[in-house]
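Structure at a glance
Residue strings, one per chain:
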Amino acid sequence: MTRFSIALLAALTLTACQDQPAGEPVTRAEIGQAVPRDTAETIPQISEEGTEENIGDICRAATFEGVSLTHCIADPELHSINTGLAPSSGNNFGTIEGWAAGRDESRIAFVMNGGMYGDDLKAIGYFVRGGDRLVELNRGEGSGNFYMQPNGVFFGTGGNWRILDTDTFLRTVGTRPQFGTQSGPMLVINGKLHPDIQENGPSKAIRNGVGIAADGKAHFVISNAPLSFGQIARYFRDELETPNALFLDGNISSLWDPASGRMDERRVGPLLVVETK
């Protein structure tokens, strides 16, 4: 590891160890290592605002409002989506790498953390894996991002993927999907930003989310540097033009992109697994 990488690791680790910003979940497992190994070498940076650069088969490097992002696209014609859970014990527990052990990497398009979890690394909201509902819809009240209403559900069966706010999901979805994960808050709701998200609030963190475009493709975004809720929400609304987008988590946000060799090592729980058909 270069001296630059070591310095970057130390700086981000210090940031991660500080108090959680207001609105962060109160049920949180220890977040573990703050940055992926050799971060400076695995996350390509581009400087031109509004442009994207391919860094693998599916994921692209982007910059928005001066912040480096990674943007991965799942196409229902080419990919399938399911959920997974990082292992709660054993080697590399609580990491994507631990989940990936022994799996066929050739089928993996990418994997991203997929929602908030408790101390047991299990989802605190609705969670369906392979058609089996592991956690019921959570309509409770509390503090933290998850309970910032409206929150929502990312779900789908086959190549039909959707994001709905939780109340609409409860009213209109009667058949259990093949996969589903509940998180919050919603970032974009029917083309408008969540009403309680500030334009550029003081809380900044590594964050990720998912949005569904009009053509049915799922856009997964993870920041490579801290950004505000307003920034990531505007990226989904203005750049990706996704009518609905859902916040997945902050500070622990992680990506495995086999094509670029990126494997983040932060502590995660629920996962969204995108595979080639």
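Residues numbered from 1 in each chain as written. Predicted model: local features only at pLDDT ≥ 70, side-chain atom pairs only at ≥ 80, totals over all residues. Heavy atoms only, no water.

1. Some thoughts on the overall build of the chain
Selection rule: Under the scheme used here, helices are H or I runs from DSSP no shorter than 4 residues and strands are E runs no shorter than 2 residues, and both carry numbers assigned from the N terminus. Only protein chains enter the calculation, and the probe is 1.4 Å; a residue is then buried if its accessible area is under 20% of its type maximum, exposed if over 50%, and partly exposed in between. We call two residues in contact when some of their heavy atoms are within 4.5 Å. Accessibility throughout is a Shrake-Rupley quantity obtained with a 1.4 Å probe, and a residue counts as covered only by protein chains that appear here.
Secondary structure summary: the chain contains 5 helices and 18 strands in total. The buried share of the chain, reckoned over its 277 residues, is 55%. Sequence separation of at least 24 residues holds for 71% of the intrachain contacts in the chain that already meet a minimum separation of 6. Carbon and sulfur atoms form 46% of the exposed surface of the chain, whose accessible area is close to 12,100 Å².

2. Re the sheet that holds strand S6 (residues 127-129)
In plain terms, the rule: At least two DSSP bridges between two strands are needed for those strands to be called paired. Axis definition: a line fitted to C-alpha atoms, limited for helices to the stretch in contact. Angles are taken between N-to-C directions and run from 0 to 180 degrees.
Here 5 strands make up an open sheet; going across it, the order is S7-S6-S10-S8-S9 and the pairing antiparallel. The open sheet has two edge strands, strand S7 (132-135) and strand S9 (160-165), and neither has a second partner. Taking each pair of neighbouring strands and ignoring which way they run, the sheet shows an average axis angle of 20 degrees. Here 2 bridges tie S6 to strand S10 (residues 179-183), and the two strands are oriented antiparallel to one another. The partner of Val128 across the bridge, within S10, is Gly180.

3. A word on the pattern of salt bridges
Put simply, the rule is: Definition used for salt bridges: Asp or Glu carboxyl oxygen within 4 Å of a side-chain nitrogen of Lys or Arg.
Considering all chains together, one arrives at 7 salt bridges under this definition. Residue Glu136 is joined to Arg133 by a salt bridge in which the shortest nitrogen-to-oxygen separation is 3.7 Å. The exposed category is assigned to Glu136, whose relative accessible area is 55%. Assessed through its relative accessible area of 40%, Arg133 is described here as partly exposed. Measuring nitrogen to oxygen at the nearest pair gives 2.6 Å for the salt bridge that ties Arg237 to Asp238. What emerges from the salt-bridge pattern is a single network uniting Arg262, Asp264 and Arg266.

4. Considerations on the confidence of the model for the chain
Close inspection of predicted coordinates is inappropriate in any region flagged by low pLDDT. Note the following rule: pLDDT measures the predictor's confidence residue by residue and takes values from 0 up to 100.
Confidence in the prediction for the chain averages 86 pLDDT; 81% of positions are at 70 or higher. A low-confidence stretch, residues 1-41 (pLDDT under 50), is modelled with 61 contacts involving residues beyond four sequence positions or located in other chains.

5. A short note on the packing of aromatic side chains
Rules: Between the rings of Phe, Tyr and Trp (Trp by its six-membered ring), a pair exists once the centres lie within 6.5 Å; its type follows the angle of the planes, with under 30 degrees stacked, over 60 edge-to-face, and the other angles tilted. Put simply, a charge is over a ring when the Lys NZ or the Arg CZ is close to the ring centre, within 6 Å, and near the line of the ring normal, within 35 degrees.
Summed over the entire model, instances satisfying the criterion amount to 8 aromatic pairs. Three or more aromatic residues link up through ring pairs in this structure, and these residues are Phe110, Phe154, Phe179 and Phe220. If you follow Arg207 out to its NZ or CZ, it ends over the ring of Phe229, 4.0 Å from the centre. When the ring centre of Phe93 is taken as reference, the NZ or CZ atom of Arg267 above it lies at 4.5 Å.

6. Some details on the sheet that holds strand S4 (residues 79-85)
Strands pair in a sheet through their backbones, by hydrogen bonds, and they do so in one of two ways: parallel or antiparallel. The 5 strands lie next to each other as S4-S18-S5-S16-S17, forming an open sheet whose pairing is antiparallel. Edge positions in the sheet fall to S4 and strand S17 (262-263), since each of these pairs with one other strand and no more. As judged from the 2 bridges shared by strand S5 (residues 108-113) and strand S16 (residues 255-257), these two strands associate in the antiparallel manner. Within S16, the position partnered with Val111 by the bridge is Trp256.

7. Quick word on unusual backbone geometry
Of note, the bond from Gln149 into Pro150 is cis; its omega dihedral lies within 30 degrees of zero at 0 degrees. For the bond running from Gly184 to Pro185, omega is 5 degrees, close enough to zero to count as cis. Examined against the element boundaries, Pro185 turns out to sit in the loop between S10 and strand S11 (186-189). Positioned with a positive phi, Glu65 is a non-glycine residue whose angle comes to about 50 degrees. Assignment of secondary structure puts Glu65 in the loop between strand S2 (59-64) and strand S3 (67-74). Residue classification places Glu65 among the partly exposed residues on the basis of a relative accessible area of 36%. In the Ramachandran plot, Glu241 falls in the positive-phi region, its phi being about 55 degrees despite a non-glycine side chain. Mapped onto the fold, Glu241 is located in the loop between helix H5 (229-239) and strand S15 (244-250). A relative accessible area of 59% means that Glu241 is categorised as exposed.

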